Amino acid sequence: MTDTLSTRLRQVGARLADACRQAGRAPDAAALLAVSKTFPAADLREAYACGQRAFGENYVQELQQKCEALADLAIEWHFIGPLQSNKTRIVAELAHWAHSIERLKTAERLSAQRPDSLPPLNVCVQVNVSGEASKSGCAPEEAAALARAVAALPRLRLRGLMCIPEPTADAARLAAQFAALRALAEGLRAEGLPLDTLSMGMSADLELAVAEGATLVRVGSAIFGRRGQPQ
Ligand SMILES: *Cc1c(COP(=O)(O)O)cnc(C)c1O
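Residues numbered from 1 in each chain as written. Predicted model: local features only at pLDDT ≥ 70, side-chain atom pairs only at ≥ 80, totals over all residues. Heavy atoms only, no water.

Chemist: Looking at this model, I keep getting lost on the overall build of the protein. Mind explaining?
Modeler: Secondary structure assignment for the protein yields nine helices and eight strands. With respect to the principal axes defined by its C-alpha atoms, the protein has extents near 45 × 40 × 30 Å. For the protein, buried positions account for 49% of its 231 residues. Long-range pairs, those at least 24 residues apart, make up 59% of the contacts in the protein between residues at least 6 apart in sequence. Accessible surface, the protein as shown: approximately 10500 Å² in total, 51% of it carbon and sulfur. Looking at charge distribution, the protein has the averaged site of its 26 positive side-chain charges lying 2 Å from that of its 25 negative ones. (Helix = DSSP H or I, 4+ residues; strand = E, 2+ residues; numbered from the N terminus. Buried < 20%, exposed > 50% of the residue type's maximum accessible area, 1.4 Å probe, protein only. Contact = heavy atoms within 4.5 Å. Areas by Shrake-Rupley, 256 points an atom, 1.4 Å probe, with all protein chains shown as cover. Lys, Arg positive; Asp, Glu negative; His and termini not counted. Charge placed at Lys NZ, Arg CZ, Asp CG, Glu CD.)

Chemist: Is there a simple way to think about the packing of aromatic side chains in this case?
Modeler: We describe a pair of aromatic rings using the distance from one ring centre to the other and the angle between the two ring planes. Applying the stated criterion across every chain, the model contains two aromatic pairs. Summarising the aromatic geometry, the rings of Phe39 and Phe224 are spaced 5.2 Å apart at their centres and angled 25° between planes, so their arrangement reads as stacked. Of the two residues, Phe39 sits in the loop between β1 (31-35) and α2 (41-49) while Phe224 sits in helix α9 (residues 221-224), which places them 185 residues apart along the sequence. For the residue pair Phe39 and Phe224, the accessibility class agrees, reading buried in each case. With a centroid separation of 6.4 Å and an interplanar angle of 45°, the aromatic rings of Phe55 and Trp77 are classed as tilted. Of this pair, Phe55 sits in strand β2 (residues 54-57) while Trp77 is found in strand β3 (residues 76-79), placing the two residues 22 residues apart along the sequence. Residue classification places Trp77 among the buried residues on the basis of a relative accessible area of 5%. The ring of Tyr48 has Arg53 sitting right over it, with the charged end atom 3.6 Å from the ring centre. (Phe/Tyr/Trp six-rings, centres within 6.5 Å; stacked < 30°, edge-to-face > 60°. Lys NZ or Arg CZ within 6 Å of the ring centre and 35° of its normal.)

Chemist: Any chance you could explain the UniProt feature "modified residue: N6-(pyridoxal phosphate)lysine" (unreviewed entry) in the protein here in plain terms?
Modeler: Under the UniProt annotation, "modified residue: N6-(pyridoxal phosphate)lysine" (unreviewed entry) lies at Lys37. Inspection of the secondary structure assignment puts Lys37 in the loop between β1 and α2. Taking relative accessible area as the criterion, Lys37 reaches 15% and is therefore assigned buried. With residues up to four places along the chain from it excluded, the contact list for Lys37 reads Gly56, Glu57, Asn58, Tyr59, Glu62, Lys66 and Arg227. (UniProt positions renumbered as here; feature names shortened; annotations may be inferred.)

Chemist: What exactly am I supposed to notice about the UniProt feature "domain: Alanine racemase N-terminal" (unreviewed entry) in the protein here?
Modeler: As annotated by UniProt and renumbered to match this structure, "domain: Alanine racemase N-terminal" (unreviewed entry) occupies residues 26-226. A helix fraction of 39% and a strand fraction of 19% characterise residues 26-226, whose end C-alpha atoms lie 30 Å from each other.

Chemist: I tried to follow the pattern of salt bridges on my own but got confused; where do I start?
Modeler: Pairs can form between side chains of opposite charge whenever their charged atoms are close. With the rule as written, the count across this model stands at 12 salt bridges. In this structure, Arg148 engages Glu191 in a salt bridge whose closest nitrogen and oxygen atoms are separated by 2.7 Å. Linking Arg148 in helix α6 (residues 140-151) with Glu191 in the loop between α7 (171-190) and β7 (197-199), this pair joins segments that are 43 residues apart in sequence. Residue Arg148 is classed as partly exposed on the basis of its relative accessible area, which comes to 40%. Residue class for Glu191 comes out partly exposed when judged on its relative accessible area of 45%. Each member of the salt-bridge network shares a partner with another, and the members are Glu57, Glu62 and Lys66. (Salt bridge = Lys/Arg side-chain N within 4 Å of Asp/Glu carboxyl O.)

Chemist: Mind showing me how you'd approach the nonpolar core here?
Modeler: Grouped burial of nonpolar side chains is what soluble globular proteins tend to show. Grouped together as the largest cluster of nonpolar side chains are 63 residues, with contacts concentrated most on Phe55, Val91, Leu110, Val125, Val150 and Ile223. Considering each element in turn, this core owes the most residues, six residues, to helix α1 (residues 2-22). Excluding residues that lie within four positions of it along the chain, Leu110 makes contacts with Leu83, Thr88, Val91, Ala92, Ala98, Ile101, Leu121 and Leu156. Leu33, Val35, Ala54 and Leu216 belong to the second largest nonpolar core, which has five residues in total. (Core = buried A, V, L, I, M, F, W, Y, C linked by side-chain atoms within 4.5 Å.)

See the structure below:
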């Protein structure tokens, strides 16, 4: 098993570097976030031993458990799941990043609850680029106003935008949705917001995302294997 996880991690790293080169970007232009939801702390420890430092979790309770179990490691924790406003405190206290900001109210709570002893929480505004009714994220036409409001909160640092495209194997549709997120970020940058992050791309589509400018890909199953139920 040990070899399997380290081999997969290496393979994903190679895919990512190749995708960057193919896109004419520096081989390290996109960073790897290892999405560890539902996998036991031992698996994260193993990936950490292979050099992985950034891990993404979707469930607040699971984030809390793993932070405790892995407190001896210098992990950079990213919260990437839907965030209800009654669960913001744990994220504000434990995470280094939150990718799933879709409402100003949640962002305000995170900012108010971020401990003074910690640097500002890095955040991304999640945008529903596919327009599916069931999807998380703010509407594309609301993204700029939300991003400006989030950027003004004292204990948050707006780093960029995040999306989950529609689940389709249609590369052209995926590419168009990634490109839409990038265009939104470029518009905000043109206004002077210092965004440096496009959080997009997962196990199945990281190459397409990197080709459209992803700087942080969120990869779970290609590293850890098939997922079961939340811990
Ligand atoms: C689970 C998850 C991922 C990882 O998906 P894989 O297909 O397993 O790589 C990425 N982003 C978010 C928001 C997720 O919930």
